[in-house]
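Here's the letter readout for the chains.
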Amino acid sequence: MSIQQINSFVAGEWRAPAEGARPISSAITGAVMAEAGNDALDTTAMLAHARAHGGPALRAMTFHQRAKMLKALALYLGERKQALYDISFDTGATQSDHLIDIDGGIGTLFVFASKGRRELPDAHIYLDGGLEQLGREGRFLGQHVCTSLQGVAVHINAFNFPVWGMLEKLAPSFLAGVPAIVKPATSTCYVTELAVRMMLESGILPEGALQFVAGGLGDMLDHLGAQDVVAFTGSADTALKLRGHPNLLSNSVRFAAEQDSLNASILGPDVTPEAPEFDLFVKEITREMTAKAGQKCTAIRRIIAPQGLVQPVIEAVSARLATTRIGDPRDPATRMGALVSTAQRDDVLAKAALIGSEAERVFGDPDDLPMSGQGGFVSPLLFHCADPDAAQRVHDTEAFGPVSTVMGYRDPDHAVTLANRGGGSLVTSLITRDGDVARQVVLGAGAWHGRIYINNADSMKESTGHGSPMPHMVHGGPGRAGGGEELGGIRGVMHYMQRTAIQGSPDILTAIGGRWVPGASEIKAPAHPFTRRYGELSIGETLHTGAREISLDDIEHFAQFTGDTFYAHMDEDAAARNPFFPGRVAHGYLLLSFAAGLFVEPNEGPVLANTGLDNLRFMKPVQAGDSIRVRLSVKAKTPRSAEYGEVRWHVTLFNQADETVAEYELLTMNVF
């Protein structure tokens, strides 16, 4: 059998293993199948290449262009994922495990591509929050903005998800405009290398956006600076060494860690053995113990059940585990494959022995190794801890494999206390139909867990599972779990950007943010703005309408026509008793309707549709005899397809005294 050479991609060139290379064994057979590592890699050249080429090229693209790039990468990988499936079997993963890693990673690219188009501007600067008025007259304002860091993201990933682990970091990094150097765990780096080759061969990424290290990072951390980021997934011990690196500390290099996690699952006190939630609880546990052979940072390590249901839970989980077929992951009938290596198997068994020092093993035999002891195969092991309050190892020892411990609780507060004994986790789940119990658990446990997954019969058909981090939601956790955050939609992108407080005049903030700010200069349009195409409109282009008087007949007709006969519009005495109104007032929606009548252009033109309004506020009541006029300004523009784009209009309604009575943002779709 030939030994596969796992190369690194350095400054635009592939480099073969050399001095310092390490052997890589198949998880199935234990035989050496590849080697990776090269102590002579020029890490300073890698960083320089990313900073000189990858960073500027990515930052020259808008958020939308980067989002389209992510979508193109996802499509490209999706068309070639069978090759990734085929090579991943030697990691010990089954076909269903491949769906978690490979399809999950590709899906994450799609989500960030979509959120980038929908939630970020087609621009280079992200406006974080609203305007702050710093002066009395509104001529001096503040705005927080986020811009791309000008360094490199160094991604150090774990062995268990060689594709998803890479893509879930690359997606927000690339969307932020920051190039990346990917360093996967050596034991499964051959899968990551293939995915990297695919992405580079696609021609989708600009030069220098992506580099790859197979093996050790060498002295790379010695050369990072304040604009760089290190994102790590792995053990707490390794995270501690990296976090304390003198150069990272002295340069305040951003460091995010996702590390050990003794996740828990709580069965609510309202659940009975006959309830569908009981079966759901058991299925979640067995799935998390056996998927990826328990090698998931989100797997359930502690099973917390009402004391009266501990034995039924043990029996039900054991029965399901007994039906789990363990074997060659290439066999479609196999339900659980191998741990990544014999070394990992030995580590899991050693950790299980520690847990066994204070808990009784109720399922599985560590001495009965499947597949005649070859490779990384091991049987699931279930323990019961009769005194979880006195125990310590079950709360501080993570056997990173198919190992979990059942323990009983007295009441919900006790369950929360046990869950929190883990010292911080990525996820704790709760199976309950009781909203009060759910609230009690969130209040008591929220500070200690990055995600709380609550499920029951109402949501179980659509739920994603205890162990599935979703790209829309934050993935990370406090304390032992590392104190970091990944994913979380656009929140994850912000980890690779700098938030800066900008102060200046309305004109300055308009120029910086690409969004018209009230008080900034107005551009007089050469024609009615609704007659002008998307590409013809300029930010700040403004229409001032004539005025319309509001009569009592208008108010009463609107009330009868719509059925909105609220007393403030119909009863003078009752309205006068209301501290917000001087007497009968016009409906707010009447004002919006009349405003539209004042600024609309009725003929067919480039405006395709009104798709909504945002941030509506009514500032001052309007009575019969008052008049209103409208200022309509182009606030922002965002392309939505090849044929049309979204125009965001700032709409302000003034009364006859030039006082603002209402304000909102109107959204229209205009053809290019």
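Scope of this entry: the structure provided in the associated data block.

Definitions and cut-offs
- Residues numbered from 1 in each chain as written.
- Predicted model: local features only at pLDDT ≥ 70, side-chain atom pairs only at ≥ 80, totals over all residues.
- Heavy atoms only, no water.
- Pairing = 2+ DSSP bridges.
- Helix = DSSP H or I, 4+ residues; strand = E, 2+ residues; numbered from the N terminus.
- Axes fitted to C-alpha atoms, helices over the stretch in contact; angles between N-to-C directions.
- Contact = heavy atoms within 4.5 Å.
- Phe/Tyr/Trp six-rings, centres within 6.5 Å; stacked < 30°, edge-to-face > 60°.
- Buried < 20%, exposed > 50% of the residue type's maximum accessible area, 1.4 Å probe, protein only.
- Lys NZ or Arg CZ within 6 Å of the ring centre and 35° of its normal.
- Expected span 1.5 Å × (residues − 1).
- Bend = angle between axes of the 7 residues up to and from the residue.
- Parallel < 35°, antiparallel > 145°, perpendicular 65-115°, else oblique.
- Left-handed = near helix turned anticlockwise from the far one by under 90°.
- Nonpolar A, V, L, I, M, F, W, Y, C, P; charged D, E, K, R; others polar.

Description of the sheet that holds strand 5 (residues 32-36)
Here is step 1 of the chain: Ordered in space as 1-5-4, the three strands form an open sheet in which the pairing is mixed. In this open sheet, the two edge strands, each paired with only one partner strand, are strand 1 (4-6) and strand 4 (22-25). On average, adjacent strands in this sheet sit at an angle of 30° to one another, irrespective of strand direction.
Here is step 2 of the chain: Examined bridge by bridge, strand 1 and strand 5 share three bridges and lie parallel to one another. Across the sheet, the residue bridging to Ile6 is Ala36, located in strand 5.
Here is step 3 of the chain: Along the sheet, helix 6 (residues 189-201) makes contact with strand 1, strand 4 and strand 5, crossing strand 1 at roughly 70°.

Looking at the packing of aromatic side chains
Here is step 1 of the chain: Evaluated as defined, the whole model comprises eight aromatic pairs.
Here is step 2 of the chain: Arranged with centres 6.0 Å apart and planes meeting at 75°, the rings of Phe530 and Phe599 form a pair that is edge-to-face. Taken together, the residues Phe530 in the loop between strand 23 (523-524) and strand 24 (541-544) and Phe599 in helix 20 (residues 588-599) connect sequence positions 69 residues apart. Here Phe530 matches Phe599 in class, with each residue buried.
Here is step 3 of the chain: Look at Phe566 and Tyr567: their rings are 4.6 Å apart centre to centre, the planes differ by 45°, and that puts the pair in the tilted class.
Here is step 4 of the chain: We classify Phe566 as partly exposed; its relative accessible area is 44%.
Here is step 5 of the chain: By relative accessible area, Tyr567 is classed as partly exposed at 34%.
Here is step 6 of the chain: Its guanidinium or amino end placed over the ring of Phe161, Lys292 lies 5.0 Å from that ring's centre, counting from NZ or CZ.
Here is step 7 of the chain: Over the ring of Tyr534 we find Lys637; its NZ or CZ atom is 4.6 Å from the centre of that ring.

A look at helix 4 (residues 95-119)
Side chains three or four residues apart in an α-helix point the same way, a direct result of the helix having 3.6 residues per turn.
Here is step 1 of the chain: An ideal rise of 1.5 Å per residue puts 36 Å on 25 residues; helix 4 measures up with 34 Å between its terminal C-alpha atoms.
Here is step 2 of the chain: A maximum bend of about 30° is found in helix 4 at Gly104.

Some words on the sheet that holds strand 7 (residues 141-148)
Here is step 1 of the chain: Overall, antiparallel pairing links the three strands, which are arranged 6-7-22 in an open sheet. Looking along the sheet, the strands with just one partner apiece sit at the ends: strand 6 (126-133) and strand 22 (497-504). For this sheet, the mean inter-axis angle between neighbouring strands, taken without regard to orientation, is 20°.
Here is step 2 of the chain: Note that strand 7 and strand 22 share eight bridges and pair antiparallel. Bridging from a neighbouring strand, His144 pairs with Ala501 of strand 22.

Details of the packing of helix 3 (residues 81-88) against helix 4
Here is step 1 of the chain: Across the interface, helix 3 lies against helix 4 with an axial gap of 10 Å and an inter-helix angle of 135°. Comparing their axes, helix 4 and helix 3 come out oblique. Here helix 3 runs over helix 4; the crossing is right-handed. Contacts between helix 3 and helix 4 pair Lys81, Leu84, Tyr85 and Ser88 from the former with Gln95, His98, Leu99, Ile102, Asp103 and Ile106 from the latter.
Here is step 2 of the chain: Classifying every residue of the contact of helix 3 with helix 4 gives five nonpolar, three polar and two charged.

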